[in-house]
Amino acid sequence: MDADELVVAGVLGGAAMLLAEIRFEHREVVGETWAAWIPLAYAALLLLAGGLALLRFRRGGREVLRALFAAGIAIGALGIWFHSGGHPARKTAQVLSAFALEPGKDGGIKIGSEPPPLAPAAFCGLGFIGLIACRRRQRRDRALPLEAGSSPGPLPASASALGRTADSPR
């Protein structure tokens, strides 16, 4: 397994932990709204299809993983929208205002009274890391083997090839 495959495996492991956490956190709302099933279905799909694609990483699996990770970014953005009640900027400001609170204060919001607005961003993070690991390497990114007797770069010009200059001896 190369480094990119190890990163993808790590992201899939993170998705497994996220699936377990979301199933726990959504235990009540899955019976109330269809939207609560979206991250559960996506995480399960990512684990199953992503695991199979990882086995074929160098033979077409990379493209499947790219699509799955891009979907993760979209799922995360959609989750932020749902968790914030359609007001992501307002809720993000509310979350960031916690840095101005004294330790132990709740800022007027009781814990557990509403969904955590930025929690779905975890899918965005996993998606971005996965996309980076699945990038197509450019030819310049790969080390090319040197042929026998070849030089890794241009040789410096010799003095005779430069010709005479005003300060060279005659």
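The rules we used
Residues numbered from 1 in each chain as written. Predicted model: local features only at pLDDT ≥ 70, side-chain atom pairs only at ≥ 80, totals over all residues. Heavy atoms only, no water. Salt bridge = Lys/Arg side-chain N within 4 Å of Asp/Glu carboxyl O. Helix = DSSP H or I, 4+ residues; strand = E, 2+ residues; numbered from the N terminus. Buried < 20%, exposed > 50% of the residue type's maximum accessible area, 1.4 Å probe, protein only. Polar contact = N/O pair within 3.5 Å; in protein donor to acceptor, adjacent residues only side chain to side chain. Expected span 1.5 Å × (residues − 1). Contact = heavy atoms within 4.5 Å. Core = buried A, V, L, I, M, F, W, Y, C linked by side-chain atoms within 4.5 Å. Patch = residues over 30% accessible without salt bridge, like charges linked within 9 Å, V, L, I, M, F, W, Y side chains within 5 Å. Areas by Shrake-Rupley, 256 points an atom, 1.4 Å probe, with all protein chains shown as cover. Axes fitted to C-alpha atoms, helices over the stretch in contact; angles between N-to-C directions. Parallel < 35°, antiparallel > 145°, perpendicular 65-115°, else oblique. Left-handed = near helix turned anticlockwise from the far one by under 90°. Nonpolar A, V, L, I, M, F, W, Y, C, P; charged D, E, K, R; others polar. Phe/Tyr/Trp six-rings, centres within 6.5 Å; stacked < 30°, edge-to-face > 60°.

Undergrad: How would you summarise the pattern of salt bridges if you had to cite specific residues and measurements?
TA: Applying the stated criterion to the full structure yields 3 salt bridges. Between glutamate 5 and arginine 58 there is a salt bridge, with its nearest N and O atoms 2.7 Å apart. Separated by 53 residues along the polypeptide, glutamate 5 in helix H1 (residues 3–25) and arginine 58 in the loop between helix H2 (37–55) and helix H3 (61–83) bring together distant segments of the chain. On the basis of relative accessibility, which here comes to 57%, the residue arginine 58 falls in the exposed class. A salt bridge links lysine 91 to glutamate 114, with the shortest nitrogen-to-oxygen separation between them at 3.0 Å. Separated by 23 residues along the polypeptide, lysine 91 in helix H4 (residues 88–96) and glutamate 114 in the loop between H4 and helix H5 (121–133) bring together distant segments of the chain. For glutamate 114, a relative accessible area of 32% translates into the label partly exposed.

Undergrad: Kindly report on the side chain of serine 84, identifying the contributing residues and their values.
TA: Its place among the elements puts serine 84 in the loop between H3 and H4. Since its relative accessible area comes to 3%, serine 84 is described here as buried. A polar atom in the side chain of serine 84 sits 2.9 Å from the backbone oxygen of isoleucine 80.

Undergrad: Provide a residue-level description of H5, including the pertinent values.
TA: Here H5 contains 13 residues, and its C-alpha end-to-end distance of 19 Å stays within 8% of the 18 Å for a straight helix at 1.5 Å per residue. As for H5, its buried residues are in contact with H1, H2 and H3.

Undergrad: Could you give me a rundown of the nonpolar core, with the residues and numbers involved?
TA: Ranked by internal contacts, the top residues of the largest apolar core, which has 23 residues, are Val8, Leu46, Phe57, Leu65, Phe69, Phe123 and Cys134. If you list the elements that add at least two residues to this core, you get H1, H2, H3 and H5.

Undergrad: Account for the side chain of lysine 91, with residues named and values stated.
TA: Relative accessible area serves as the criterion here: at 18%, lysine 91 is assigned to the buried category. Of note is the side chain of lysine 91, whose polar atom sits 3.0 Å from the side chain of glutamate 114. Once you skip the residues sitting within four places of it in the chain, lysine 91 turns out to touch Ser84, Glu114 and Pro117.

Undergrad: Tell me what's going on with a nonpolar patch on the surface, and back it up with residues and numbers.
TA: Judged by side-chain polarity, Trp34, Leu78, Trp81 and Phe82 come together as a nonpolar surface patch covering roughly 460 Å² of accessible area. Mapped onto the elements of the fold, tryptophan 34 is located in the loop between H1 and H2. The exposure class assigned to tryptophan 34 is exposed, which follows from its relative accessible area of 61%.

Undergrad: Lay out the packing of H3 against H5 in plain terms, naming residues and giving numbers.
TA: Axis separation between H3 and H5 bottoms out at 7 Å; the angle between their running directions is 160°. On the basis of their axis angle, the class for H3 and H5 is roughly antiparallel. Considering how the two elements wind past one another, H3 and H5 form a crossing that is left-handed. Of H5, the residues touching H3 (which contributes Arg62, Arg66, Phe69, Ala70, Gly72, Ile73, Ile75, Gly76, Ala77 and Ile80) are Ala121, Phe123, Cys124, Leu126, Gly127, Phe128, Gly130, Leu131 and Ala133. Across the contact of H3 with H5, the residue classes break down as 13 nonpolar, 4 polar and 2 charged.

Undergrad: Would you mind going over the packing of aromatic side chains in detail, with residue names and values included?
TA: Following the criterion strictly, the structure yields 2 aromatic pairs and no others. Plain terms: the ring middles of tryptophan 34 and phenylalanine 82 are 5.9 Å apart, the flat faces sit at 90° to each other, and that makes the pair edge-to-face. Placement of the pair is tryptophan 34 in the loop between H1 and H2 and phenylalanine 82 in helix H3, with a sequence separation of 48 residues. Taking 5.4 Å as the distance between ring centres and 75° as the angle between the ring planes, the aromatic pair formed by tyrosine 42 and phenylalanine 123 counts as edge-to-face. Taken together, the residues tyrosine 42 in helix H2 and phenylalanine 123 in helix H5 connect sequence positions 81 residues apart.

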